[in-house]
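# Descriptive analysis of the structure
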Amino acid sequence: MIIQPKIRGFICLTAHPEGCRANVKSQIDYVRAHGPIPNDKKRVLVIGASTGFGLASRIASAFGSGAATIGVMFEKKSENGRTATSGWYNTAAVENFAHAEGIYAKSINGDAYSAEIRKQTLDLIEKDLQQIDMVIYSIASPRRTDPQSGITYKSVLKPIQNEFNSLTIDVHTGKISDVTIEPANEQEVEDTVKVMGGEDWDLWITDLLARNLLAPSALTLAYSYIGPKITEAMYRKGTIGKAKDHLENSAATITAKLLPIGGKAYVSVNKALVTQSSSAIPVIPLYITLLYKTMKDAGLHEGCIEQIDRMFRERIFTNAAVICDDVGRIRVDDWELKAEIQSAVASNWTRISTETLPMIGDLGGYRSEFHRLFGFGIDGVDYGADLEIDVKIPSIEE
């Protein structure tokens, strides 16, 4: 099958297995080029391991320090002539590269919010690794079914209290237009927190502790975002921001539970990047196009693997304590929020139009990163080749 991108809105309906493999390999090569990561956490669980920051975390752990990894994902294999999802192909590549080097890597595919998948994962840990040294929680989902009540909650991307008026962009056409989004009601705020807050992270850690599957001094880490004033009303002070507040507050609750084993929970605040999740948030793609150009011009641009590699080397696995801000968060959004970067972005924001964006923004870079998420536009890949789309994930096919 010859595979081409089929894009609908902020989703690509196809994925390229060789492109995804090449993308994974480029991330492995980046980590390896910087030398071993002095990570003493050799048994790592990544919940949400198939794309974005979760995938980068798994790669940095496995190929930066030789850690055994178990990845939890919710992806679709190829069937009925359709390609698998990019996360499926990414996971197959990670396992194949790891196994070729004798590094343990297994995966669980299913709804990480469910009690069933959590139990399957814990059973695998107990059988193969006995305990886990580090748990990385990196889930982004539009809905969650509470495993205890059975109620399904849906998240919304809305402002709170006031109507949101701003500019937005169709990244595929480059057209900029006005957008107005009505504020969320109280129920929508609560539901978004139920989906994207820290409740599920807490459940995972609670169950791991209950079965004695966390090693002494175990760490757990979740990812968050703050962003600048430009996106504040829609993001940090919107429904998703309330969920991120809950996630960050959950770190203290989880740390209290980890005290008996000397463990600790952290939240890392990361940079704005092109991911499947961020592409769906109004105003964020337009902000990213300006940010990318500004940061690239300053020599400060990073993607997911660069962010995670820097976080591991310079924030967590240092010779001293984990480096945090004054409220206990790890910060690798520091380059994005540099005063000179934000001043330039804010200035360009006042000049935005469909006509000016090619000069002041990096729409091409945004599109390229979006395509890479699905394995397209990667150097060295023959996109005219007739490929087998049914790719196996070794541990799932056992």
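The model shown is predicted, which means the values in this text are computed figures rather than measured ones. (Residues numbered from 1 in each chain as written. Predicted model: local features only at pLDDT ≥ 70, side-chain atom pairs only at ≥ 80, totals over all residues. Heavy atoms only, no water.)

Counting its secondary structure elements, the protein chain contains 14 helices and 13 strands. What you see for the protein chain is a C-alpha radius of gyration of 20 Å, in line with the 21 Å of a compact globule of 398 residues. Taking the principal axes of its C-alpha atoms as reference, the protein chain extends roughly 60 × 50 × 45 Å. By residue count, 56% of the 398 residues in the protein chain fall in the buried class. Contacts in the protein chain between residues far apart in sequence, at least 24 positions, make up 77% of those at least 6 positions apart. Total accessible area computed for the protein chain in this model is approximately 16,800 Å², and 51% of it derives from carbon and sulfur atoms. Measuring between centres, the 43 positive side-chain charges of the protein chain sit 1 Å from its 50 negative side-chain charges. (Helix = DSSP H or I, 4+ residues; strand = E, 2+ residues; numbered from the N terminus. Rg over C-alpha atoms; globule rule 2.2 N^0.38 Å. Buried < 20%, exposed > 50% of the residue type's maximum accessible area, 1.4 Å probe, protein only. Contact = heavy atoms within 4.5 Å. Areas by Shrake-Rupley, 256 points an atom, 1.4 Å probe, with all protein chains shown as cover. Lys, Arg positive; Asp, Glu negative; His and termini not counted. Charge placed at Lys NZ, Arg CZ, Asp CG, Glu CD.)

Before going further, it helps to examine unusual backbone geometry. You will see that Q161, though not glycine, has its phi angle at about 75°, which is positive. Mapped onto the elements, Q161 comes out in the loop between β8 (152-154) and β9 (164-170). The residue S217 is not glycine, and still its phi comes out positive at about 65°. Examined against the element boundaries, S217 turns out to sit in strand β11 (residues 214-224).

Quick look at the pattern of salt bridges now. The final tally for this structure, using the stated rule, is 31 salt bridges. For E188, the salt bridge identified is with K158, shortest N-O distance 3.0 Å. In this pair, E188 is assigned in helix α5 (residues 186-196) and K158 in the loop between β8 and β9, connecting sequence segments 30 residues apart. Among the residues examined, E188 registers a relative accessible area of 19% and is labelled buried. Of the residues examined, K158 reaches a relative accessible area of 23% and is grouped as partly exposed. In this structure, D333 engages R331 in a salt bridge whose closest nitrogen and oxygen atoms are separated by 2.8 Å. Residue classification places D333 among the buried positions, given a relative accessible area of 1%. Beyond isolated ion pairs, a larger network of salt bridges with shared partners links R236, D245, E248, D325, R329, R331 and D333. (Salt bridge = Lys/Arg side-chain N within 4 Å of Asp/Glu carboxyl O.)

One can find T294 in helix α9 (residues 284-297). The contacts of T294, once residues within four sequence positions are left out, are I341, A344, V345 and N348.

Most of strand β12 (residues 264-269) is tucked away, with five of its six residues classed as buried. Summarising the sheet, β11 and β12 pair through six bridges and their orientation is parallel. When the bridges of β12 are listed, S224 appears paired with V269. With two bridges connecting them, β12 and strand β13 (residues 330-331) associate as parallel partners. (Pairing = 2+ DSSP bridges.)

Take the environment of D309 next. Of note, D309 is situated in helix α10 (residues 304-316). The exposure class of D309 is buried, given its relative accessible area of 3%. Linking D309 and I59, residues 250 residues apart in sequence, is a C-alpha distance of 9.4 Å. Setting aside anything within four residues of it in sequence, one finds D309 in contact with Y30, V31, H34 and I37. A polar contact is formed between the side chain of D309 and the side chain of R313, at a distance of 2.8 Å. (Polar contact = N/O pair within 3.5 Å; in protein donor to acceptor, adjacent residues only side chain to side chain.)

Here the focus is the pairing of strand β5 (residues 105-109). In terms of burial, β5 is a largely internal element, four of the five residues being buried. One ladder, built from five bridges, connects strand β4 (residues 68-73) with β5; its direction is parallel. Residue pairing for β5: G71 is matched across the bridge by S107. For the handedness criterion, the β-α-β arrangement of β4, helix α3 (residues 86-100) and β5 is classed as right-handed. (Right-handed = clockwise from strand over helix to strand, strands pointing away.)

Quick look at the packing of aromatic side chains now. This structure, assessed with the given rule, holds six aromatic pairs. The ring of Y113 carries the charged tip of R144 above its face, separated from the ring centre by 5.6 Å. When the ring centre of Y266 is taken as origin, the NZ or CZ atom of K264, which lies over that ring, is 5.4 Å away. (Phe/Tyr/Trp six-rings, centres within 6.5 Å; stacked < 30°, edge-to-face > 60°. Lys NZ or Arg CZ within 6 Å of the ring centre and 35° of its normal.)

Turning our attention to the environment of D379. With respect to the helices, strands and loops of the structure, D379 is situated in the loop between α13 (363-372) and α14 (394-397). Between the C-alpha atoms of D379 and A22, which are 357 residues apart in sequence, the distance is 8.5 Å.

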